[in-house]
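What the coordinates show
So you can see what is in the structure, the chains are spelled out below.
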Amino acid sequence: METLLAIVIGVLFAAGVYLLLRRSIVKLILGIMLLSHGTNLLIFVAGGLIKGQPQFTPGMTDAAANPTDPIPQALILTAIVIGFGITAFFLALMYRFYKATGTEDLDELKEGERV
Amino acid sequence: MILPALPALIPLITIIFLLMNFRRREWQPWIGLTGALLQLVLAVYLAVHIKSHGILVLHTGNWEAPFGITLVIDSFSSFMLILTGIIAVSISIYSIEAIDRQRQSFFFYPMVHGLLMGVNGAFVTGDIFNLYVWFEVMLMSSFVLITLGGEKKQLNGAIKYVTLNLVSSMLFLAGIGLLYGKTGTLNMADLALKMSLAENNILLNTSAVLFFVAFSIKSAIFPFFFWLPASYHTPPVAITALVAGLLTKVGVYAMIRFYTLFFVQDQLFWHPLFLWIGGFTMVVGVLTAASQYDMRKILSFHIISQIGYMIMGLGIFTVAGIAGAIFYMGHNIIAKTNTFLVAGLINRVKGSYDLKSIGGLYKTHPFLAILFIIPAFGLAGIPPLSGFFGKLVLISAGFSAGEYVISFVALAVGLFTLFSMVKIWNEAFWKAQPDDKLTEAPKDEKLPFSMVLPVVLLGLLTLTMGFAVKPILSFAMDAATQLLNPHIYIEAVLGNSINPEIQ
């Protein structure tokens, strides 16, 4: 399972970086989103994949036997919320950029440099 | 005791008051200024308090140290908190007149305090994931501040700024994940304890490198600085001064904290790397600045160059080196913010930041010339201003540690910095006003008092740091001694819960 997830994380990062290098801002945002998903999965896997029962649930017979660590999940939850806010901001930024320039091509950014 | 949480709580309460009075635009600057003043007073009180009582620790929610989020204030943190307070007050006064009403009524002040909350939170936290959250608070506010107003130029700069900072956040988060997977803790003190015992294995190195790249992007170090000059010159100058003074230094703070507290195993690899990178950062920043003609761009490239000095201090890794880096940070935050504010004053008078189209200011505004020359020569390191002593401590630490190359590089870069500052001086103050380039509308010749006051105050601080160098330097020495003896920090945080057999 770890190997499979490691490959998935690698693919997510590679795809994210590829999209970051494209010219369109929409693809840039998609790239950021893929990177953040890859990072979340990385935390999940790094926290250890243990086949066990969730903590603190009724019917949990032996609390010491292989409990799943809840911390990485809490971290991921926080990271997802932050990522959500940032994506919303970035989409709004892209919309304003599109309204101001009439394009979503990143090569147009060079025009701004010279101003 | 709630004391360590207050640096983050005061801006939060200020934001609440600002939002409650959102429709009363004329109240906004004053509420903001009150919040900033409270913050400065608190920071000074905290510094006095920890001087007599030792490191302050708060276990939030009464969760014992390695489990809950711990807030820690040691000398280094409190030094940074005071600087943040000073910048907060200056920007609050400056922006009364410098920020237009449109921006003031669209959440300028709440966002400034959001940024301050993130910065203060990053300085007080003792938990790496919490540090990530504060970084995001700070970044989110800075994103809004940089785009506030929505001019085309600002949006252009913001896209680069946002993208690269988000990539750095992802790397930071990935580093945290790997480190947690290996050590099973997020508390900095606990990490330091566990990692001093752990074998130096691959996953620790992986996360060390991830953190290094993440903080390098945030603090604009040599191969990762490109977002900074692309975006810092676009927003109004009060906003630039705020982010230029504080944000990159938070990255440097995190780097110094991480690489003195727990990534201390592989020193043979890291310290030469810091010295190399520091040297390149200094040289590239200062040489690129020399070719620019927009004042804000020159100053932006100088931010990069001066970050190099701080990294050099970390690379030397002696008490004097780290103390030099801390002192230099203090000097740089004040002087750098001040030069940007003066650039704003020049723009107010002449209506342009372009050195080619302005001139003759010495004749018309001699007082402005004095205000410029203090922070500018401070940055270049002319005695008796603060920058001279910062460089003196760093370079003599470099010589006594036997790092001759970097010390000579630092000396040479000082000369080039002087060249850039003299260039602004020549072009803006001495040269006659080029007739053909008169900007369309000559701006109001009289500078508003609220814009001059913070510049004067910061200038006086630069002078004070130069003349009263001893107490400040000894404070920095204390902070550096604490940093280089991590067991003080660890014992303060973990207290009696340290396993006796590990000790």
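Residues numbered from 1 in each chain as written. Chains lettered and ligands numbered in written order. Predicted model: local features only at pLDDT ≥ 70, side-chain atom pairs only at ≥ 80, totals over all residues. Heavy atoms only, no water.

1. Some points on the overall build of chain A
Across its full length, chain A holds four helices and zero strands. Helices and strands appear in chain A in the N-to-C order α-α-α-α. Burial statistics for chain A: of 115 residues in total, 36% are counted as buried. Sequence separation of at least 24 residues holds for 55% of the intrachain contacts in chain A that already meet a minimum separation of 6. Carbon and sulfur atoms provide 68% of the accessible area of chain A, an area that totals close to 6,900 Å². (Helix = DSSP H or I, 4+ residues; strand = E, 2+ residues; numbered from the N terminus. Buried < 20%, exposed > 50% of the residue type's maximum accessible area, 1.4 Å probe, protein only. Contact = heavy atoms within 4.5 Å. Areas by Shrake-Rupley, 256 points an atom, 1.4 Å probe, with all protein chains shown as cover.)

2. Re the overall build of chain B
Counting its regular elements, chain B contains 21 helices and two strands. A globule of 503 residues ought to have a C-alpha radius of gyration of about 23 Å, and chain B, at 22 Å, matches this closely. With respect to the principal axes defined by its C-alpha atoms, chain B has extents near 80 × 55 × 40 Å. Across the 503 residues of chain B, 64% fall into the buried class. With the model as given, the accessible surface of chain B reaches about 17,400 Å², and the carbon-plus-sulfur share is 69%. (Rg over C-alpha atoms; globule rule 2.2 N^0.38 Å.)

3. Things to note about the pairing of strand β2 (residues 70-73) of chain B
In the case of a regular strand, side chains alternate between the two sheet surfaces. Residues and elements named next belong to chain B. Side-chain alternation along β2 places T70 and V72 on one buried face and L71 and I73 on a second face that is also buried. Pairing of strand β1 (residues 56-59) with β2 involves four bridges; the strand directions are antiparallel. Residue pairing in the sheet places L56 in a bridge with I73 of β2. (Pairing = 2+ DSSP bridges.)

4. Some remarks on the domain arrangement of chain B
Residue and element names in this part refer to chain B. Each domain of chain B was delimited in the assignment, giving domain 1 (1-265) and domain 2 (268-467). Taking only C-alpha atoms into account, the centre of domain 1 sits 23 Å from that of domain 2. Taken together, the contact pairs 44 residues of domain 1 with 42 residues of domain 2. In total, domain 1 and domain 2 occlude about 3,800 Å² of area from one another, counting both sides; carbon and sulfur atoms represent 84% of this. Ranking the residues of domain 1 by area buried against domain 2 places Y94, F222 and K249 at the top, with a combined share of 17%. On the surface where domain 1 and domain 2 come into contact, there are one salt bridge. With its nearest N and O atoms 3.8 Å apart, the salt bridge here joins E97 to R348. Elements supplying a minimum of two residues to the side of domain 1 that touches domain 2: α3 (75-98), α9 (202-219), α10 (227-231) and α11 (237-261). (Domains from an automatic or database assignment. Buried area = accessible area lost by both parts, 1.4 Å probe. Salt bridge = Lys/Arg side-chain N within 4 Å of Asp/Glu carboxyl O.)

5. Structural notes on the interface of chain B and chain A
Taken together, the contacts link 31 residues of chain B with 33 residues of chain A. Roughly 2,800 Å² is buried in total at the junction of chain B and chain A, and carbon and sulfur atoms are behind 81% of that figure. Considering only the side of chain B, the residues that lose the most area to chain A are I159(B), M170(B) and Y180(B), jointly responsible for 21% of the buried surface there. Our count for the chain B to chain A interface comes out at zero salt bridges. Put simply, chain B and chain A have one residue pair in polar contact (both at pLDDT 80 or more) between them. Looking at which element gives the most residues to the side of chain B that touches chain A, the answer is helix α7 (residues 152-183) of chain B, with 18 residues. Tallied by class, the residues present in the side of chain B that touches chain A amount to 19 nonpolar, seven polar and five charged. (Polar contact = N/O pair within 3.5 Å; in protein donor to acceptor, adjacent residues only side chain to side chain. Nonpolar A, V, L, I, M, F, W, Y, C, P; charged D, E, K, R; others polar.)

6. Brief notes about the pattern of salt bridges
All names here are of chain B. Applying the stated rule across the entire model yields nine salt bridges over all chains. In this structure, the salt-bridge partner of D100 is R103, at a minimum N-O distance of 2.7 Å. Using a relative accessible area of 32% as the deciding quantity, one classes D100 as partly exposed. A salt bridge links K194 to D190; its shortest N-O distance comes to 3.5 Å. Pair noted here: K194 and D190 are both in helix α8 (residues 188-197), with a separation of four residues, about one helical turn.

7. Notes on the packing of aromatic side chains
Residue and element names in this part refer to chain B. For the coordinates displayed, the defined rule picks out 42 aromatic pairs over all chains. On the basis of an interplanar angle of 75 degrees and a centroid distance of 6.0 Å, the ring pair of Y132 and F172 is categorised as edge-to-face. Of the two residues, Y132 sits in helix α6 (residues 128-147) while F172 sits in helix α7, which places them 40 residues apart along the sequence. The residues Y132 and F172 share a single accessibility class, namely buried. Taking 5.7 Å as the distance between ring centres and 45 degrees as the angle between the ring planes, the aromatic pair formed by F399 and Y404 counts as tilted. (Phe/Tyr/Trp six-rings, centres within 6.5 Å; stacked < 30°, edge-to-face > 60°.)

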